[in-house]
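Summary of structural features
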Amino acid sequence: MQTQLLPVTAESLALAGGLIRAGELVAFPTETVYGLGANALDEAAVKRIFEAKGRPGDNPLIAHISAIDQLYPLIAAEPGEAARKLMAAYWPGPMTLIFPKSPAVPAAVTAGLSTVAVRFPAHPAARALIDAAGVPIAAPSANRSGRPSPTTAAHVLADMDGRIPLILDGGPCEVGLESTVIDVTGSEPRILRPGGVTREMIAAAAGSAGVDEAVLRPLKDGERPRSPGMKYRHYAPKGSLTIVQGAPEAVTARISAMYDEAQAAGRSPLILALEGHLPAYGGRRALSLGADAAGMARALFNRLREADDLGADAIFSEAVSTDGVGLAVMNRLDRAAAFHIIEV
Ligand code: AMP
Ligand code: MG
């Protein structure tokens, strides 16, 4: 299959909308990461997403809408008070809500769960595509399963060339990490996956916010994932990734020592560090993760892909505080490292 890469224009949106209606896949920009979309109401189309990504069938997708009234046909019961407050505060935006699903949603979208994940994105191209298609669009991130999520059209092309007919190029993504996933089916909103809408923001709008305990730890042996995305090594570069956590001077010292050891052993090491810490690593090869948590969110997946492009096989990253969007950054970094974390 020939993959077209087109800028977002009225013509490319019309072409993309037609492809979605015909049961084909289109990759498109959102404010979080690039999505790989199909008609959410067409089971055969949705199954193509799993094939193109190599995604395990037990990992559910998010249904994307471009107006609030498109929510109701997808869900089984009226949203509760907390859900309504969150929708009013953060939709459109980088927030996904989990509701009991209606029979209209095919089982492939929800991986057989009785709940459906819905997001109303803010990105104008994402909304224009949903409008052009005239149906809700089911989409996970547009990467091959297990790889870092794509934050540019070039990342999508690297993973999906020859596997999908069209990629819409809307430039780099603003948030850089996937949406915050919040279960609103219980008495208190519970964060299943942290993202750009932070725990603090959720508590401010809805009164309280629980964080699922699996957000910052691996699943235990035999534990059943409530959100199947929790289960796998995820977002990972090809090289081995180790996170070092602790006081800044101790972290730079330990990372420098591990780097030198890896180099002496004939490996190709690389350091990922906060902008302000780069000088402390001397002449060692290091990439900036940005100046703060928001910058880190934007840069993280890009840097993990750069690490692969540089052929790095021993990657060492600093940890950041889990305040604000830092919780989302550490959730992704921990999984990219398969929870290989050293405390100093
Ligand atoms: P992706 O966009 O590739 O990160 O995939 C969407 C993610 O949304 C999944 O990995 C899940 O974490 C989450 N998700 C989707 N539907 C549900 C659901 N019904 N319950 C819990 N989590 C969900
Ligand atoms: Mg993904």
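Described below are features of the structure shown in this document.

Procedures and definitions
- Throughout this document, residue positions are counted from 1 along each chain, in the order its sequence is written.
- Throughout, the order in which chains and ligands are written sets their labels, letters from A for the former and numbers from 1 for the latter.
- Since the coordinates come from a predicted model, pLDDT governs what is reported: local features require at least 70, and pairs of side-chain atoms require 80 or more to be given and counted, while whole-chain, interface and lining totals use all residues.
- Side-chain metrics rest on all non-hydrogen atoms present in the structure, leaving aside hydrogens and water.
- Numbered from the N terminus, helices here are DSSP runs of H or I no shorter than four residues, and strands are runs of E no shorter than two.
- Here the globule rule is a power law, 2.2 Å times the number of residues to the power 0.38, and the radius of gyration is based on C-alpha atoms.
- Only protein chains enter the area calculation, which uses a 1.4 Å probe; residues under 20% of their type maximum are buried, those over 50% are exposed, and those in between are partly exposed.
- Contacts between residues were defined by any pair of non-hydrogen atoms, one from each residue, lying within 4.5 Å.
- We get accessible surface area from the Shrake-Rupley algorithm with a probe of 1.4 Å; when it comes to residues, only the shown protein chains can shield them.
- Within this scheme, the nonpolar core is defined by two criteria: the residues are buried Ala, Val, Leu, Ile, Met, Phe, Trp, Tyr or Cys, and they are joined through side-chain atoms within 4.5 Å.
- Any two strands are treated as partners once DSSP identifies two or more bridges connecting them.
- To get an axis, fit a line to the C-alpha atoms, keeping to the stretch in contact for a helix; angles then go from 0 to 180 degrees between the N-to-C directions.
- To sort the angles, those under 35 degrees are grouped as roughly parallel, those over 145 as roughly antiparallel, those from 65 to 115 as roughly perpendicular, and the leftovers as oblique.
- With the far helix as reference, a near helix turned anticlockwise by less than a right angle produces a left-handed crossing, and one turned clockwise produces a right-handed crossing.
- Any residue that is not Ala, Val, Leu, Ile, Met, Phe, Trp, Tyr, Cys, Pro, Asp, Glu, Lys or Arg is counted as polar, Gly included; the first ten are nonpolar and the last four charged.

On to the overall build of the protein chain, then. Within the protein chain one finds ten helices and 16 strands. Against the 2.2 N^0.38 benchmark of 20 Å for 344 residues, the protein chain shows a C-alpha radius of gyration of 20 Å, consistent with a compact globule. Over its C-alpha atoms, taken along the principal directions, the protein chain stretches across nearly 60 × 50 × 35 Å. Buried positions account for 55% of the 344 residues belonging to the protein chain. Long-range pairs, those at least 24 residues apart, make up 69% of the contacts in the protein chain with a sequence separation of at least 6. Put simply, the protein chain shows about 13,400 Å² of open surface, and 52% of that area lies on carbon and sulfur atoms.

Formed by 45 residues in total, the largest nonpolar core has its most connected members in Leu36, Leu86, Trp91, Leu97 and Phe99. Breaking this core down by element, the ones donating at least two residues are strand E3 (35–39), helix H2 (43–53), helix H3 (81–90), strand E5 (95–100), helix H4 (107–110), strand E6 (115–119), helix H6 (153–160) and helix H7 (199–206). Tallying contributions element by element places H2 first for this core, with five residues. Formed by 27 residues, the second largest nonpolar core is a distinct cluster that contains Leu177, Leu270, Val325 and Ala328.

A word on the sheet that holds strand E8 (residues 166–169). Sheet architecture is open: eleven strands sit in the order E1-E8-E2-E3-E7-E4-E6-E5-E9-E10-E11, paired in mixed fashion. Whereas interior strands pair on both sides, the edge strands pair on one side only; in this sheet they are strand E1 (4–7) and strand E11 (210–211). Of the pairings in the sheet, the one linking E5 to E6 comprises five bridges and is antiparallel in character. Along E6, the bridge assignment pairs Pro100 with Thr115. H2 rests against E3 and strand E7 (137–139) of the sheet, and its axis sits at about 155 degrees to E3.

Across the interface, helix H9 (residues 293–309) lies against helix H10 (residues 326–336) with an axial gap of 9 Å and an inter-helix angle of 20 degrees. If you check the angle between H9 and H10, you find them roughly parallel. The interaxial crossing formed by H9 with H10 has left-handed handedness. Together, Ala293, Met296, Ala297, Leu300, Phe301 and Leu304 of H9 and Gly326, Val329, Arg332, Leu333 and Ala336 of H10 make up the contact between the two elements. Residue composition of the contact of H9 with H10, grouped by class: nine nonpolar, one polar and one charged.

As a further point, take the sheet that holds strand E15 (residues 314–318). In a beta sheet, neighbouring strands pair by backbone hydrogen bonds and run either parallel or antiparallel. The five strands lie next to each other as E14-E13-E15-E12-E16, forming an open sheet whose pairing is parallel. Because the sheet does not close on itself, it has two edges, and the strands there are strand E14 (286–288) and strand E16 (341–343). On average, each strand axis in the sheet is tilted by 25 degrees relative to the strand beside it, whichever way the strands run. The sheet contact formed by strand E12 (residues 240–245) and E16 spans three bridges and is parallel. Looking at the pairing, Gln245 lines up with Glu343 of E16. Contacts from helix H8 (residues 248–264) reach E12, strand E13 (269–273), E15 and E16 within the one sheet, and its direction differs from that of E15 by about 175 degrees.

Where helix H1 (residues 10–21) meets helix H5 (residues 124–133), the closest approach of the two axes is 8 Å, and the angle between their N-to-C directions is 55 degrees. Looking at the two axes, H1 sits oblique to H5. Judged by the sense of rotation from one axis to the other, the crossing of H1 with H5 is right-handed. Along the contact surface, H1 presents Leu13, Ala16, Gly17, Ile20 and Arg21, while H5 presents Ala125, Ala128, Leu129, Ala132 and Ala133. Counted by class, the contact of H1 with H5 contains eight nonpolar, one polar and one charged residues.

All right, on to H10 then. Buried residues dominate H10, accounting for eleven of its eleven residues. The complete set of buried residues in H10 reads Gly326, Leu327, Ala328, Val329, Met330, Asn331, Arg332, Leu333, Asp334, Arg335 and Ala336. Ala338 lies just past H10 and shows a positive phi near 50 degrees.

Next up on the list: the environment of Val211. Of note, Val211 is situated in strand E11. Not counting chain neighbours up to four residues away, the residues in contact with Val211 comprise Arg190, Ile191, Arg199 and Leu327.

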